[in-house]
Amino acid sequence: NAGVTQTPKFQVLKTGQSMTLQCAQDMNHEYMSWYRQDPGMGLRLIHYSVGAGITDQGEVPNGYNVSRSTTEDFPLRLLSAAPSQTSVYFCASSPLSQGTNEKLFFGSGTQLSVL
Amino acid sequence: AQSVSQHNHHVILSEAASLELGCNYSYGGTVNLFWYVQYPGQHLQLLLKYFSGDPLVKGIKGFEAEFIKSKFSFNLRKPSVQWSDTAEYFCAVSLYNNNDMRFGAGTRLTVKP
């Protein structure tokens, strides 16, 4: 059972480049989300989804796009990378209980540097 | 705006000392509360959670947390820490029936052997 798989683990981009961070889970979880982790700021929610075809914005959505075409996959797209997007990105999934995510399972993270 | 505050950024304790990490939130309404832990080199994982019922919840590895509604707090406690508890601890909050879950800035715990 692989859990939550994120690729790549490391990425360096130039300002203005675009890229997609991949996230896949094999636990049939309805809920998936993306967080970024910055020193002293904890984890901040970027986007989340409660099922295929449903996405919603979190706390810091600007500069990022998501889509959820399948239950398993939840890619995060950076449209035009900026140095302020240098961060560690975590994907997480969870089963839903009465409409609420009850336990997040995290991926191993993607360390992104934008020069 | 909704927020989660962890006032202790770095806590250093000796083994066998007691631990209490503070967590306060500014949400109105019914909340779901969580503590997550990130051990060095490992994924974040759930330590414990509170949805309803007994406000004193017990989690893995001897940790517990108490929800005090009047103080908007959900402090994490452990009577006697071990070196293996060295990690970063995150408090998280979401509104009931809502999946916009917010994390605190985290508290780094260092336990000296």
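Presented here is a report on the structure given in the accompanying data block. Fair warning: this is a prediction, and the values are worked out from it, not measured in the lab.

This brings us to the overall build of chain A. Along chain A, the regular secondary structure elements total zero helices and 13 strands. Each helix and strand of chain A, ordered N terminal to C terminal, gives the series β-β-β-β-β-β-β-β-β-β-β-β-β. A compact globule built from 115 residues would reach a C-alpha radius of gyration of about 13 Å, and chain A, at 13 Å, matches this within 12%. For chain A, the C-alpha atoms occupy an extent of roughly 40 × 30 × 25 Å along the three principal directions. Among the 115 residues that make up chain A, the fraction classed as buried is 47%. Summarising the internal contacts of chain A: among those between residues at least 6 apart in sequence, 53% fall at separations of at least 24. Working note: accessible area of chain A is about 5,100 Å², and carbon and sulfur atoms make up 50% of it. In chain A, the 7 positive side-chain charges and the 8 negative ones have mean positions that sit 11 Å from each other.

The next point concerns the interface of chain A and chain B. With 24 residues of chain A in contact, the opposing surface of chain B contributes 21 residues. Of the roughly 1,900 Å² buried between chain A and chain B, counting both surfaces, carbon and sulfur atoms make up 52%. By the criterion of area lost to chain B, the three top residues of chain A are Leu43, Thr100 and Phe106 of chain A, representing 27% of everything that side buries. Across the chain A-chain B interface, the total number found is one salt bridge. A salt bridge links Arg102 of chain B to Glu59 of chain A, with the nearest nitrogen and oxygen atoms 3.9 Å apart.

So, how was this worked out
- Residues numbered from 1 in each chain as written.
- Chains lettered and ligands numbered in written order.
- Predicted model: local features only at pLDDT ≥ 70, side-chain atom pairs only at ≥ 80, totals over all residues.
- Heavy atoms only, no water.
- Helix = DSSP H or I, 4+ residues; strand = E, 2+ residues; numbered from the N terminus.
- Rg over C-alpha atoms; globule rule 2.2 N^0.38 Å.
- Buried < 20%, exposed > 50% of the residue type's maximum accessible area, 1.4 Å probe, protein only.
- Contact = heavy atoms within 4.5 Å.
- Areas by Shrake-Rupley, 256 points an atom, 1.4 Å probe, with all protein chains shown as cover.
- Lys, Arg positive; Asp, Glu negative; His and termini not counted.
- Charge placed at Lys NZ, Arg CZ, Asp CG, Glu CD.
- Buried area = accessible area lost by both parts, 1.4 Å probe.
- Salt bridge = Lys/Arg side-chain N within 4 Å of Asp/Glu carboxyl O.

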